[in-house]
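A look at the structure
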Amino acid sequence: MDGTVSHDRSEETPEAKARWFQSLTLEERMELLCAYTNLALAANPDLAARRDAGPAGRRIQVLTKP
């Protein structure tokens, strides 16, 4: 992972985040997955036992601010 810090809002676009994520190695991506999973489970320990997730019944439209 890159150790630099930027405070430029223009670097927070979805495209920039995708480029950053694609620059990671498989090992680094898996470390992030584990960290995000641990964070979600720490916030909601019952999350792993829930079985109510399912596909969206309707179409979803993603909007971005111009």
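These remarks concern the structure in this document.

What counts, and at which threshold
Residues numbered from 1 in each chain as written. Predicted model: local features only at pLDDT ≥ 70, side-chain atom pairs only at ≥ 80, totals over all residues. Heavy atoms only, no water. Helix = DSSP H or I, 4+ residues; strand = E, 2+ residues; numbered from the N terminus. Rg over C-alpha atoms; globule rule 2.2 N^0.38 Å. Buried < 20%, exposed > 50% of the residue type's maximum accessible area, 1.4 Å probe, protein only. Areas by Shrake-Rupley, 256 points an atom, 1.4 Å probe, with all protein chains shown as cover. Lys, Arg positive; Asp, Glu negative; His and termini not counted. Charge placed at Lys NZ, Arg CZ, Asp CG, Glu CD. Patch = residues over 30% accessible without salt bridge, like charges linked within 9 Å, V, L, I, M, F, W, Y side chains within 5 Å. Salt bridge = Lys/Arg side-chain N within 4 Å of Asp/Glu carboxyl O. Phe/Tyr/Trp six-rings, centres within 6.5 Å; stacked < 30°, edge-to-face > 60°. Polar contact = N/O pair within 3.5 Å; in protein donor to acceptor, adjacent residues only side chain to side chain.

Secondary structure assignment for the protein chain yields 2 helices and 0 strands. Compactness check: the protein chain gives a C-alpha radius of gyration of 16 Å against a globular reference of 11 Å for 66 residues, more than 25% above the reference. With respect to the three principal axes, the spread of C-alpha positions in the protein chain is 40 × 30 × 20 Å. Residues classed as buried in the protein chain amount to 6% of the 66 residues present. Surface summary for the protein chain: the accessible area is close to 6,600 Å², and the carbon and sulfur share equals 57%. Seen as two clouds, the 9 positive and the 10 negative side-chain charges of the protein chain have centres 12 Å apart.

A few words now on the environment of leucine 24. Summarising the element assignment, leucine 24 is placed in the loop between helix H1 (14-22) and helix H2 (26-43). Judged by relative accessible area, leucine 24 falls into the buried class, the value being 7%. When the C-alpha positions of leucine 24 and leucine 39 are compared, they lie 20 Å apart, and in sequence the two are 15 residues distant.

It is worth spelling out a nonpolar patch on the surface at this point. Residues Leu26, Met30 and Leu33 make up a contiguous nonpolar surface patch of about 310 Å² in total accessible area. Take leucine 33: it is sitting in helix H2. In this structure leucine 33 comes out as partly exposed when scored by relative accessible area, which is 45%.

Bringing the packing of aromatic side chains into the picture now. What the rule picks out here adds up to 1 aromatic pair. Residues tryptophan 20 and phenylalanine 21 carry aromatic rings whose centres are separated by 6.5 Å and whose planes lie at 55° to one another, so their mutual orientation is tilted. Given a relative accessible area of 34%, tryptophan 20 falls into the partly exposed group.

Time to look at the environment of threonine 25. Positionally, threonine 25 belongs in the loop between H1 and H2. Linking threonine 25 and proline 55, residues 30 residues apart in sequence, is a C-alpha distance of 30 Å.

Moving on, we come to the side chain of glutamate 28. Inspection of the secondary structure assignment puts glutamate 28 in helix H2. Here glutamate 28 occupies a buried position and makes no salt bridge, while the nearest side chain of opposite charge, arginine 29, is found at 7.3 Å. Side-chain polar atoms of glutamate 28 contact the backbone nitrogen of threonine 25, separated by 2.9 Å.

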